[in-house]
Amino acid sequence: MASRHPRPGAHAPPRPGTTEPPGCHPPLVGLEGTFIGFIDAAKPNFQDLVDDLGELLLAQYGFKRIVKHRKRGPAMAAAAEVIEELSRECDLVITGSGD
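Residues numbered from 1 in each chain as written. Predicted model: local features only at pLDDT ≥ 70, side-chain atom pairs only at ≥ 80, totals over all residues. Heavy atoms only, no water.

**Topic: helix α1 (residues 46-61)**
Buried within α1 are the following residues: F46, V50, G54 and L57. Down the axis of α1, the buried side of the element spans an arc of 75 degrees, and every buried residue falls inside it. Residues D52, E55, A59 and Q60 are exposed on α1 and point more than 90 degrees away from its buried face. Taken together, the buried residues of α1 touch β1 (35-40), β2 (65-70) and β3 (92-96). Of the residues trailing α1, G62 is marked for its positive phi of about 75 degrees. (Buried < 20%, exposed > 50% of the residue type's maximum accessible area, 1.4 Å probe, protein only. Helix = DSSP H or I, 4+ residues; strand = E, 2+ residues; numbered from the N terminus. Arc of directions from axis to C-beta. Contact = heavy atoms within 4.5 Å.)

Okay, structure coming up:
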C-alpha cells in the first residue's frame, strides 16, 4: 500500500482552519520584480517553450529573473536540492513536459 504522507516537495493537504498547505508562500500580489523558476522535464519542446515564455515574462510582465533547471530525464523527480534552491530563489515555479 502506498504511503499517505506526501513526498518531499509535494504539497500537503491544508491544515485545519487554514487554506494553505504548510510551507506555502502567500499569493503573489503582482508580477513586477518577481523571480520565476522553470523545471524542465527533459522532454522535447519544453526547453523552447520556456525560452519563449521567459522572454515574454521579462519583457511584458516585469519579471526580474528567470531560473531554469532541466531534469536528467522525464521519469526522474527533481532532486531535493533543486526543489530547495528554487524554493529559496523563486516566487513562482512552473514545471512541465512540453510534448
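**With respect to the environment of D51**
Relative to the helices and strands, D51 is located in helix α1. Accessibility expressed as a relative area gives 30% for D51, which makes it partly exposed. When the C-alpha positions of D51 and F38 are compared, they lie 9.9 Å apart, and in sequence the two are 13 residues distant. Only 2.5 Å separates the side chain of D51 from the side chain of K68, close enough to count as a polar contact. (Polar contact = N/O pair within 3.5 Å; in protein donor to acceptor, adjacent residues only side chain to side chain.)

**Regarding unusual backbone geometry**
Backbone geometry places A42, a non-glycine residue, at a positive phi of 65 degrees. Mapped onto the elements of the fold, A42 is located in the loop between β1 and α1. Here A42 falls in the buried class, since its relative accessible area comes to 17%. The residue N45 is not glycine, and still its phi comes out positive at about 85 degrees. Relative to the elements of secondary structure, N45 occurs in the loop between β1 and α1.

**Notes on the pairing of β1**
For β1, the tally of buried residues reaches five of six residues, placing the bulk of the element in the interior. Here β1 runs beside β2; their pairing, made up of six bridges, is parallel. The residue bridging I36 from the neighbouring strand is I66, located in β2. What joins β1 to β2 is α1, and the crossover it makes is right-handed. Relative to β3, β1 is paired through five bridges, and the arrangement is parallel. In the sheet register, F38 faces β3, and the bridge partner there is I94. (Pairing = 2+ DSSP bridges. Right-handed = clockwise from strand over helix to strand, strands pointing away.)

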